[in-house]
Amino acid sequence: MSFIARQKNGLLCRFSTVIDTVSDYNMTDEEYIEMCAQKAREEAQETLKHSLRPFEEVKASFVPTNMSRDEFNRILKLMEKE
C-alpha cells in the first residue's frame, strides 16, 4: 500500500506503507500520471496473458438483474458475429 502527497516544493512523493518510507519523490503531476498509466498497462498485459476466461463463462454467469435477458441475447449476437 502507498499514498501520494504534495511536497512543499509543489511536486509529488509516494510513501510506501509496506517499507515505511518514501519510494518516489520530486515527481511532476505528469510523471505521476505516467507511472500510474504504466502500472495499468502492465496489469492489463498480465490479465490478457494469464486471466482470460472462456467466452462460454459469460453466458453461464449472466443474471437478469441489471439487464434484461432480451438485451443480453441481443448483445450476445453482436459479440458472436465473426
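Residues numbered from 1 in each chain as written. Predicted model: local features only at pLDDT ≥ 70, side-chain atom pairs only at ≥ 80, totals over all residues. Heavy atoms only, no water.

## Section: the pairing of strand β2 (residues 12-16)
Using the following cut-off: Accessibility here uses a 1.4 Å probe with only protein chains present; expressed as a share of the type maximum, an area under 20% marks a residue as buried, one over 50% as exposed, and anything in between as partly exposed. Elements are defined by DSSP. Helices are runs of H or I of four residues or more, strands are runs of E of two residues or more, and each kind is numbered from the N terminus. In this analysis, strands are considered paired if DSSP registers two or more bridges between them.
Within β2, four of the five residues are buried, which leaves it mostly tucked inside the rest of the structure. Of the strand pairs in this sheet, strand β1 (residues 2-6) and β2 are connected by five bridges, and their pairing is antiparallel. Across the sheet, the residue bridging to Ala5 is Cys13, located in β2. Where β2 meets strand β3 (residues 21-27), four bridges bridge the pair, whose relative direction is antiparallel. Its bridge partner being in β3, Ser16 is matched across the sheet by Thr21. What sits between β2 and β3 in their antiparallel hairpin is a turn of four residues, with Asp20 showing a positive phi close to 55°.

## Looking at the domain arrangement of the protein chain
Formally: Just so you know, the domain bounds were taken from an automatic or database domain assignment.
Split into domains, the protein chain comes out as domain 1 (1-50) and domain 2 (52-81). Taking only C-alpha atoms into account, the centre of domain 1 sits 36 Å from that of domain 2.

## Focus: the environment of Cys13
Mapped onto the elements, Cys13 comes out in strand β2. A relative accessible area of 15% places Cys13 in the buried class. Here the alpha-carbon distance between Cys13 and Asn26, two residues 13 residues apart in the chain, equals 6.1 Å.

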